[in-house]
Amino acid sequence: MMLKLFKENIRIALGSIRTQLLRTVLTVMIIAIGITALVSILTVVSALENTISSDFASMGANTFNIKQYENTTRNRGGDERVIINPIISYPEAVAFKNKYTYPFTETSLSFTATSAAEVKYEATKTDPENSILGVDEYFMTNSGLETSAGRNFTSFDIDNNAYVCVVGSDFEKGLLKDVNPIDKTIAIRGAKFKVIGVLKEKGSTFGNNQDLRVLIPIQLARSIFTAPNINYTVSVMVGKKELLEQALDNATSTMRRVRKLSPVKDNNFGVVRSDDLINRILGITKYLGLASWLIGIITVLGSSIALMNIMIVSVTERTREIGVRKALGAKKTTIAIQFFIETLLIGQMGGLVGIIFGILIGFGIATAMDFAFVIPWGAIMAAFITSFIVAIASGLYPAIKAAVLDPIEALRYE
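Definitions and limits used
Every chain is numbered on its own, with residues counted from 1 as its sequence reads. The model is predicted, so local features are restricted to residues of pLDDT at least 70 and side-chain atom pairs to those at 80 or more, both for listing and for counting; the totals for chains, interfaces and linings are taken over all residues. To get the side-chain values, all heavy atoms of the structure are used, and hydrogens and water are removed first. The nonpolar core is taken to be a set of buried Ala, Val, Leu, Ile, Met, Phe, Trp, Tyr and Cys residues, with the residues joined through side-chain atoms within 4.5 Å. Accessibility here uses a 1.4 Å probe with only protein chains present; expressed as a share of the type maximum, an area under 20% marks a residue as buried, one over 50% as exposed, and anything in between as partly exposed. Secondary structure counts use DSSP, requiring at least four H or I residues in a row for a helix and at least two E residues in a row for a strand, with both numbered from the N terminus. It only takes one pair of heavy atoms within 4.5 Å for two residues to be counted as in contact. Note on patches: the residues involved have over 30% relative accessible area and no salt bridge, like charges join within 9 Å, and the nonpolar side chains Val, Leu, Ile, Met, Phe, Trp and Tyr join within 5 Å. We get accessible surface area from the Shrake-Rupley algorithm with a probe of 1.4 Å; when it comes to residues, only the shown protein chains can shield them. Any carboxyl oxygen of Asp or Glu within 4 Å of a side-chain nitrogen of Lys or Arg constitutes a salt bridge here. What a helix is expected to span follows from its residue count: subtract one and scale by 1.5 Å. What we call the bend at a residue is the angle made by axes fitted to the seven residues finishing there and the seven residues starting there. Here a Phe, Tyr or Trp ring, Trp counted by its six-membered ring, pairs with any other such ring whose centre lies within 6.5 Å, and the pair is stacked when the planes are under 30 degrees apart, edge-to-face when over 60, and tilted otherwise.

### Here we look at the nonpolar core
Alright, step 1. Of all hydrophobic cores here, the largest spans 48 residues; its most connected members are Phe64, Ile66, Phe96, Ile186, Phe193, Val214 and Ile216.
Alright, step 2. At six residues, helix α8 (residues 244-258) tops the list of elements feeding residues into this core.
Alright, step 3. Setting aside anything within four residues of it in sequence, one finds Ile66 in contact with Ile88, Phe96, Tyr232, Thr233, Val234, Ala251, Met255, Phe269, Gly270 and Val271.
Alright, step 4. Counting residues in hydrophobic clusters, the runner-up holds 25 residues, among them Ile17, Ile31, Ile355 and Ala399.

### Re a nonpolar patch on the surface
Alright, step 1. On the surface, a cluster of nonpolar side chains totalling about 610 Å² of accessible area is made up of Leu21, Val25, Met29, Phe357, Ile361, Ile365 and Met369.
Alright, step 2. Mapped by element, the contributors of at least two residues to the nonpolar patch are α2 (21-57) and α11 (332-368).
Alright, step 3. With respect to the helices and strands, the residue Leu21 is situated in helix α2.

### With respect to helix α12 (residues 377-403)
The α-helix winds at 3.6 residues per turn, so residues separated by three or four positions along the chain end up facing the same way.
Alright, step 1. Helix length check: α12, at 27 residues, gives a terminal C-alpha distance of 37 Å against a target of 39 Å (1.5 Å per residue), a fit within 8%.
Alright, step 2. Gly395 marks the point of greatest bend in α12, at about 35 degrees, and the proline Pro398 comes within the next four residues.

### Side note on the packing of aromatic side chains
Alright, step 1. Applying the stated criterion across every chain yields a total of four aromatic pairs.
Alright, step 2. With a centroid separation of 5.4 Å and an interplanar angle of 50 degrees, the aromatic rings of Tyr90 and Tyr232 are classed as tilted. Of the two residues, Tyr90 sits in helix α3 (residues 90-99) while Tyr232 sits in the loop between α7 (218-224) and β15 (233-238), which places them 142 residues apart along the sequence.
Alright, step 3. Look at Tyr90 and you get buried, because its relative accessible area is 17%.
Alright, step 4. Residue Tyr232 is classed as buried on the basis of its relative accessible area, which comes to 3%.
Alright, step 5. Ring geometry for Phe96 and Tyr100: centres 5.1 Å apart, planes at 15 degrees, overall stacked.

Structure, rendered in structure tokens:
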């Protein structure tokens, strides 16, 4: 009996929607605009978070770097002052590597020699936009880099300063296009290097192309690129995750000994965990999510007011119909449920249209910005719940108003 009554209410609600088609379409579109704003922004935020996680996951959660800076400022008594840390010099980096002997760790030294190098192959040369990195045999492993062709550096290559290199994937599309890059000879500042490996494609991270780089042995990089005050990065990978905290503490104390810091002095270097970096950046994206909710709620509030208004008008226009139903024995709950179902149908239609448009717009923006798109199930659920709440909030008063109408007064209504 209840199921039959429910079906009858849905049939009546759909009939009412069809008779007021233009008004219904406009209301649905108003709701859809609010849901679209919410879903599209949440979709882009999800894609951004997915891209950031993918880009930094390769660094490994068990990796940390010792750099010149961790943060550029520190708070002291409420005041903020700029910190100027000394660069990590080559002797310091080597001293750290020699002194740091924590179990299950591998230490890598590297530096960026230049970000504007010109690379030549036979009679062809690139634009001066390539990064040259001086690395050791542990750099690729610690950085989560893999080769799509060829091999990594060996300790023999590094110890003997072999003129070999590993190039980024963009070289296969540009300078070394249509040839097998392995064993080809390229020139950097007059020095000739044999290509032993090609890195897997990494794409761009915040505008920095990760595929336009050449890795060469660190000592050769130091001899070719002799700029003053070169800043080195020390990377440590811990073989066992449970030893990460102890390894990090040990590395900090080792670096303090290298720099001969007294116990009362602060660290004048930064220790950055790869997972901390991910969490810090993802923390920023949470603010984007909150902003999207704020925009969505403001728009949906307007939608709920519009939906409530149209349902009040609908109750007023159908006053005589309500009087006839009550005269024939319809209960207050039956009248209220009928209008309530009508409101829910309009709300869910608006939510569905908003979800479709929101995902399409979010997909378009994510694709244009080269983000890794994922179906935002959280945003879809949020949209359905939001449109349901809007329908309940908007339909409650009109449904109660229709239910409490006096049948005699309703039948007199013209």
